[in-house]
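# Geometric and topological summary
Each chain, written out:
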Amino acid sequence: MKIAAGSQNSRFTSTWSDLAAIGRDQTRGGYSRHLFDDAEMALRSWFVEQAQRRGLEVETDRNSNVWAWWGSPGPGAVVTGSHLDSVPGGGAFDGPLGVVSSLMAVDELRLRGHVPTKPIAVVCFAEEEGGRFGLPCLGSRLMAGISDADHVRRLRDPNGISLADAARRVGIDPAEFGPDPVRLAMIDSFVELHVEQGRLLQQVDPQAAIAVGSQIVAHGRWRFTFTGTGNHAGTTVPADRKDPMLPAAATVLATRRLLAEHAGAVATVGRLVPVPGGSNVIASSVDLWLDARVPGAAATAALVDAIVAAARIEAELEGCSLVVRRESFSDDVIFDPALGLELNGVLKVPTITTGAGHDAGVLAPFLPTAMLFVRNPTGISHSPAEHAETADALVGIDALADVLAKLTR
Ligand SMILES: [Zn+2]
């Protein structure tokens, strides 16, 4: 039996309004929900309460990912879910739509009378956006052993608080962080539902509310540190200046200019931090972060090398030094073709790629993963303008239930 459309609609709306007040960013608009801050902890509590209300068994794993189990945790698990954290000033749907849809897909399966032959789990992965400590997909990377636990414990947030200290403050023992091969081996497949973060689906099929994901294009982050000489804005003549803001600004412009020479590439400088950051002070150093997404590792390296070369020339012209550090990189991820075929067979919807990173991409080398995307009418994401219509979200929940039913039949 299926839930009547009306009640499904009102459940979604009321669940969504529970979340609407948590972690609003009064300065930037939208939401700021970062690992272990008050908003993220409130969302964790909300999730635990929702899971318990459904009689699911809740546990937090050694890497701060939260799991809600329908059936006993064990081998053959079919896992769905997403993340609850956001970028600074992010939208409401990136992450939480997948979590809410997963819980509601469980409801839907129960109403249909489905009896799973395998355990089903809903997971919330920790710090997917890297919004506080700069390392995206932190929880899934630690679980898979891709990121070194010692390195992760030492990561610092913009206020200088280490990840280890931030964890301790909320009662989590950072000594536990590390690979979780037993848990990884338990998972038969992972299906992540997510709001689309562009407009590709609308171009491929304007009628389709959802799509199956086929691939995540390669993406990474690089930190550029330009160092010059801090000085007085009023008394320092231009000839005496070594102002790191100039090569930083020129690098932003070079990034846009160089994209024209690299087909299919996108790259962004969305964060730039001058030190000390006074309006009447020539900065002594400027950090900027380059986010680049290009199909293929070699093509990504070619673009980033070209941007770094341009940045070095500009730094030299101003008498500044430049240090570039790669903070993260993920090569192209092709989702499991067999699982993708299975989803396509059940759903018969379009297939699209994405330029956005996801926990499903991190886990893809280790186990069969797949993604479902829900149409985003604005095509905007990582912004308060991100959107999904309730009707489309309900199509997504129904589709996720269909997929979970097929995988646990
Ligand atoms: Zn996301």
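Residues numbered from 1 in each chain as written. Predicted model: local features only at pLDDT ≥ 70, side-chain atom pairs only at ≥ 80, totals over all residues. Heavy atoms only, no water.

Attention now goes to helix α3 (residues 96-112). Its 17 residues give α3 an end-to-end C-alpha distance of 24 Å, which sits within 8% of 24 Å, the value for a rise of 1.5 Å per residue. Among the 17 residues in α3, 14 count as buried, and that is most of the element. Looking one or two residues beyond α3, the residue adopting positive phi is G113, at roughly 80 degrees. (Helix = DSSP H or I, 4+ residues; strand = E, 2+ residues; numbered from the N terminus. Expected span 1.5 Å × (residues − 1). Buried < 20%, exposed > 50% of the residue type's maximum accessible area, 1.4 Å probe, protein only.)

So, on to the nonpolar core. Core analysis: the biggest nonpolar cluster contains 52 residues, and F12, W16, W46, F47, L97, L343 and L372 have the highest contact counts within it. Counting residues in hydrophobic clusters, the runner-up holds 26 residues, among them F125, L184, A208 and I352. (Core = buried A, V, L, I, M, F, W, Y, C linked by side-chain atoms within 4.5 Å.)

Moving on: helix α11 (residues 337-347). Within α11, the full set of buried residues consists of L339, G340, L343 and L347. Down the axis of α11, the buried set is contained in an arc of 100 degrees. They therefore lie on one face. For α11, the exposed residues lying more than 90 degrees away from the buried face are P337, A338 and L341. Structurally, α11 contributes buried residues whose contacts are with β5 (187-195), β6 (210-216), β15 (369-374) and α13 (390-407). In the stretch just after α11, K348 is the one whose phi turns positive, near 50 degrees. (Arc of directions from axis to C-beta. Contact = heavy atoms within 4.5 Å.)

Before going further, it helps to examine the UniProt feature "binding site: allantoate" (unreviewed entry) in the protein. When the UniProt feature table is mapped onto this chain numbering, "binding site: allantoate" (unreviewed entry) sits at R221, N280 and R293. Spanning 73 residues, the annotated positions stay apart in the fold, the maximum distance between their C-alpha atoms being 35.8 Å. Mapped onto the fold, R221 is located in strand β7 (residues 219-227). Classification of R221 as partly exposed rests on a relative accessible area of 21%. Setting aside its immediate chain neighbours within four residues, R221 contacts E129, G130, G134, P136, L290, R325, R326, E327 and S328. Within the structure, the side chain of R221 is placed 3.1 Å from the backbone oxygen of E129, a separation counted as a polar contact. The topology assignment puts N280 in the loop between β9 (266-275) and β10 (281-282). Note on N280: relative accessible area 53%, which makes it exposed. Dropping the residues within four chain positions of it, N280 is found in contact with H232 and A233. (UniProt positions renumbered as here; feature names shortened; annotations may be inferred. Polar contact = N/O pair within 3.5 Å; in protein donor to acceptor, adjacent residues only side chain to side chain.)

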